[in-house]
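# A look at the structure
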Amino acid sequence: MNEQLTVTERVHDIAARAKRAQRTIARENRARKDSLLRAIAAKLDADCARILEANAEDLARADESGIDPGLRDRLALNPSRVQAIAAQVRATTALADPVGEVVRGGVLENGLSLTEVRVPLGVIGMIYEARPNVTVDAAALALKSGNAVILRGGSAASSTNRALVESIRTALTGEGFPAELVASLDDLGREGVSALMRARGLVDVLIPRGGAGLISRVVEESLVPTIETGTGNTHIFVDESADLDRAIDIVVNAKTQRVGVCNALENLLVHERIAQDFLPRLAEALAPKNVVLHADARSYAVLHGGPGRVVEAREEDFLTEYLSLDLATKVVADVHEAVEHIRTHTSGHTESILTSSIESERAFIAGLDSAVIMVNASTRFSDGGEFGFGAEIGISTQKLHARGPMALRELTSTTWIVRGEGHVRG
């Protein structure tokens with residue numbers, strides 16, 4: 001590429017190349033696309049040492065800058081994580097191809113035949129932070145659904161993303177596809193992101209995935225249509241009828257199984273009738289895992305002086321996506337107060353109720369409007385892979401086009417096919 005071009009011109013050139021390349025995969029059948037994904041997975045496995053070497057460079061820079069532990073966990077790769085990423089690509093081949101699927105149709109009274117079919121979105125721009133697995137997930141889902149993808153993965157993971165994209169592009173050309181189907185803007189910095197957000201007509205949709213600042217910037221500034229993926233200020237409400245042993249296991253899992261992810265638990269609400277019994281037991285279970293409890297006044301009165309670290313909560317604690325070993329805790333009077341608290345503080349991602357009461361379950365579900373609502377389950381299951389969708393490209397908290405975990409079907413639009421026999425409109 002001509003180095004004399006401006007950043008905007010370079011981004012537009014990349015997008016134009018991606019748009020042309022997308023036509024080559026939009027019409028491919030499932031067998032051909034699945035063969036490509038298997039080749040990508042094999043290349044990732046073969047390049048594991050090179051990918052880990054690049055990741056070590058990113059981690060060294062992250063440690064020097066004092067990166068947050070949760071973000072570092074998202075960034076870090078090891079052999080098993082690289083193998084898991086490759087395995088996820090292979091798993092995508094088992095998923096049905098949405099392209100060409102008939103959504104609805106019929107024959108009108110005048111004899112015209114109508115069929116609505118799924119088609120690729122086109123060129124997808126993916127903007128995300130410190131998540132090397134998203135580089136591969138986004139590429140695999142885009143390619144399987146007949147799209148091209150332009151990636152901007154952030155400076156923290158620049159070396160790792162460069163290595164991953166190189167492996168993917170090598171597999172593309174090895175299978176006879178244009179390398180331009182998967183492109184990266186990591187070398188073009190914030191100016192490149194701005195140019196991507198203005199590339200209306202060349203890029204069909206942008207998907208931001210990361211912190212609140214990143215998402216807000218893209219949603220507010222982009223001229224390209226955007227699918228908003230929300231931050232994960234998730235909640236669990238432990239009802240008075242909950243099985244407390246099971247509840248402790250669920251809360252510990254939701255908070256500590258992996259802290260640096262959007263479906264990790266950030267807010268815990270406990271019914272006042274069980275608080276005296278449940279909270280000390282929970283604190284004892286969380287203490288060895290170094291979880292800091294940010295407790296409201298009623299929780300603090302129960303927890304202070306007990307096991308683990310407890311601090312007095314501020315109002316902003318209940319609005320925070322920690323992505324760390326911190327958990328905001330509040331005692332509430334009943335399910336109705338829990339619902340009101342959640343509606344006031346949630347990011348609309350995932351909420352869960354632990355209960356054996358049908359009445360409480362119904363009140364919880366009816367009172368909330370989040371993308372995912374769970375009953376007696378860890379919030380960590382709010383995930384496209386866990387839902388059986390394969391790798392996810394994000395979890396949408398908006399209401400148009402897609403909501404909740406987004407996978408293959410959410411990366412398609414539809415076209416109406418109308419067949420006539422010389423019909424003219426009178």
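Residues numbered from 1 in each chain as written. Predicted model: local features only at pLDDT ≥ 70, side-chain atom pairs only at ≥ 80, totals over all residues. Heavy atoms only, no water.

- If you check an unreviewed UniProt entry, the protein appears there as Gamma-glutamyl phosphate reductase from Dermabacter jinjuensis.
- UniProt's Pathway (unreviewed entry) comment on the protein is quoted here verbatim: "Amino-acid biosynthesis; L-proline biosynthesis; L-glutamate 5-semialdehyde from L-glutamate: step 2/2."
- Listed in UniProt under the heading Catalytic activity (unreviewed entry), the comment for the protein reads: "L-glutamate 5-semialdehyde + phosphate + NADP(+) = L-glutamyl 5-phosphate + NADPH + H(+)". (UniProt positions renumbered as here; feature names shortened; annotations may be inferred.)

## Focus: the side chain of Thr 115
- Along the chain, the position of Thr 115 falls in strand E2 (residues 113-120).
- With sequence-adjacent residues up to four places away left out, Thr 115 is seen in contact with Val 102, Arg 104, Gly 105, Thr 415, Trp 416, Ile 417 and Arg 419. (Helix = DSSP H or I, 4+ residues; strand = E, 2+ residues; numbered from the N terminus. Contact = heavy atoms within 4.5 Å.)

## Some points on the pairing of strand E4 (residues 148-152)
- Counting buried residues along E4, five of its five residues qualify, which places the element largely inside the surrounding structure.
- The side-chain alternation of E4 yields two buried faces, one formed by Ala 148, Ile 150 and Arg 152 and the other by Val 149 and Leu 151.
- Where strand E3 (residues 123-128) and E4 come together, five bridges link them in parallel fashion. Within E4, the position partnered with Ile 127 by the bridge is Arg 152.
- Since E3 and E4 lie parallel, the crossover through helix H6 (residues 132-144) that links them has a hand, and here it is right-handed.
- Bridge count between E4 and strand E5 (residues 182-184): three bridges; the pairing is parallel. Along E5, the bridge assignment pairs Val 149 with Val 182. (Buried < 20%, exposed > 50% of the residue type's maximum accessible area, 1.4 Å probe, protein only. Pairing = 2+ DSSP bridges. Right-handed = clockwise from strand over helix to strand, strands pointing away.)

## Remarks on helix H7 (residues 158-174)
- Between the first and last C-alpha of H7 there are 24 Å, a value that for 17 residues agrees with the 24 Å anticipated at 1.5 Å per step.
- For H7, the complete set of buried residues consists of Ser 158, Ser 159, Thr 160, Asn 161, Ala 163, Leu 164, Val 165, Ser 167, Ile 168, Ala 171 and Leu 172.
- Buried positions along H7 lie against helix H2 (30-46), helix H3 (48-65), E3, H6, E4 and E5.
- With its phi angle positive at about 85°, Gly 176 sits one or two positions after the end of H7. (Expected span 1.5 Å × (residues − 1).)

## Remarks on the nonpolar core
- Membership of the largest hydrophobic core comes to 72 residues, with the highest contact counts inside it found for Ile 40, Leu 44, Met 126, Leu 143, Ile 150 and Val 203.
- For this core, the element with the highest residue contribution is H6, accounting for eight residues.
- If near-sequence neighbours (up to four positions away) are discounted, Ile 150 is found in contact with Ile 14, Ala 15, Ala 18, Val 123, Ile 124, Gly 125, Met 126, Ala 183, Leu 185, Leu 196 and Val 203.
- In terms of nonpolar packing, the next biggest core, distinct from the first, is built from 30 residues, Val 238, Ala 247, Ala 283 and Tyr 300 among them. (Core = buried A, V, L, I, M, F, W, Y, C linked by side-chain atoms within 4.5 Å.)

## So, the pairing of strand E12 (residues 350-354)
- Counted residue by residue, E12 has five buried out of five residues, so it is predominantly covered.
- Residues Thr 350, Ser 352 and Leu 354 of E12 are buried on one face, and the alternating residues Glu 351 and Ile 353, pointing to the opposite face, are buried as well.
- Pairing analysis gives four bridges linking strand E7 (residues 234-238) to E12, with the strands arranged parallel. Bridge pairing in E12 links Val 238 to Leu 354.
- Here four bridges tie E12 to strand E13 (residues 372-375), and the two strands are oriented parallel to one another. Directly across from Ile 353, in E13, lies its bridge partner Val 375.
- In this fold, the crossover linking E12 to E13 by way of helix H14 (residues 358-367) has right-handed handedness.

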